[in-house]
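Here is how the chains run, residue by residue.
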Amino acid sequence: VVTRDDVEESLKANWQYVKDKEQLLKDLHSQIEETGQRLSAKQGERDYWLEYKNVGSIKQANKIMNLEKDIKEVKDDLHRTTEYYRNALKAVKEENDRLVERHMKLSKEQAPENALRYLDKNGRREIEENEWLKEEVKIYQKEVSDLEASIQLLEEENISLVTKLIDSRLQNLKA
């Protein structure tokens, strides 16, 4: 014999079972939907990386090659520019050295004239006398060398005459 309470209890249990199954079904639907969203996101990410692999990585590789090429060109330009400025600096230094040397030479040439301007009369007279003495020494040196040359010629002529005299006396003695 089944009583009403048993039936109600059985109905409640069935109803609770159906309700639990519906809740489980809802949970499964939400898990399926959530999994579908995650799958969709992962497929989008996979599609992105596949596109990157097929297209983007090639673009990136080309970009890297172009950047490396640009770096090489910049290094070459830097090297050429450095070499140009090194040569220009060397030329400027040489020009400056040449100009300084010329200026020093002119300064040395003008130094005596500038010094003469600032000397007193006695100093000027001593310098003029010194210059005159230098000229006199040159004249005397020339006269001395001329005299030495004349003496050498006279000595040679004298030796020649003595030799002739000795030769003629020897011939007189022999005869």
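Our subject in this report is the structure included herewith.

What counts and how
Residues numbered from 1 in each chain as written. Predicted model: local features only at pLDDT ≥ 70, side-chain atom pairs only at ≥ 80, totals over all residues. Heavy atoms only, no water. Helix = DSSP H or I, 4+ residues; strand = E, 2+ residues; numbered from the N terminus. Rg over C-alpha atoms; globule rule 2.2 N^0.38 Å. Buried < 20%, exposed > 50% of the residue type's maximum accessible area, 1.4 Å probe, protein only. Areas by Shrake-Rupley, 256 points an atom, 1.4 Å probe, with all protein chains shown as cover. Salt bridge = Lys/Arg side-chain N within 4 Å of Asp/Glu carboxyl O. Phe/Tyr/Trp six-rings, centres within 6.5 Å; stacked < 30°, edge-to-face > 60°. Patch = residues over 30% accessible without salt bridge, like charges linked within 9 Å, V, L, I, M, F, W, Y side chains within 5 Å.

## Re the overall build of the protein chain
Item 1. Helix and strand content of the protein chain: two helices and zero strands.
Item 2. For the protein chain, whose C-alpha radius of gyration is 62 Å, the value lies well above the compact-globule estimate of 16 Å for 175 residues.
Item 3. C-alpha extents for the protein chain along the principal axes are approximately 200 × 65 × 25 Å.
Item 4. Relative to its full complement of 175 residues, the protein chain shows a buried share of 2%.
Item 5. Summed over its atoms, the accessible surface of the protein chain is roughly 16900 Å², and 57% of this surface lies on carbon and sulfur atoms.

## Focus on the pattern of salt bridges
Item 1. Scanning the model with the defined rule gives ten salt bridges in all.
Item 2. For the salt bridge of arginine 86 with glutamate 83, the shortest nitrogen-to-oxygen distance reads 3.0 Å. Here arginine 86 pairs with glutamate 83, and both are found in helix H1 (residues 4-118), just three residues apart, close to one helical turn.
Item 3. With a relative accessible area of 49%, arginine 86 lands in the partly exposed category.
Item 4. What makes glutamate 83 partly exposed here is its relative accessible area of 32%.
Item 5. Two residues, glutamate 95 and arginine 98, come together in a salt bridge whose shortest N-O distance is 2.4 Å.

## A few points about the packing of aromatic side chains
The geometry of an aromatic ring pair is captured by the separation of the ring centres together with the interplanar angle, meaning the angle of the planes.
Item 1. Within this structure, the stated rule accounts for two aromatic pairs.
Item 2. Consider the rings of tyrosine 48 and tryptophan 49, whose centres lie 5.0 Å apart with planes at 75°: the pair is edge-to-face.

## Section: the environment of leucine 89
Item 1. With respect to the helices and strands, leucine 89 occurs in helix H1.
Item 2. Taking the C-alpha atoms as reference, leucine 89 lies 91 Å from lysine 174; in sequence the two are 85 residues apart.

## Brief notes about a nonpolar patch on the surface
Item 1. There is a patch of nonpolar side chains on the surface, built from Val162, Ile166, Leu170 and Leu173 and spanning about 400 Å² of accessible area.
Item 2. Of note, leucine 173 is situated in helix H2 (residues 121-174).
Item 3. You can call leucine 173 exposed: its relative accessible area is 73%.

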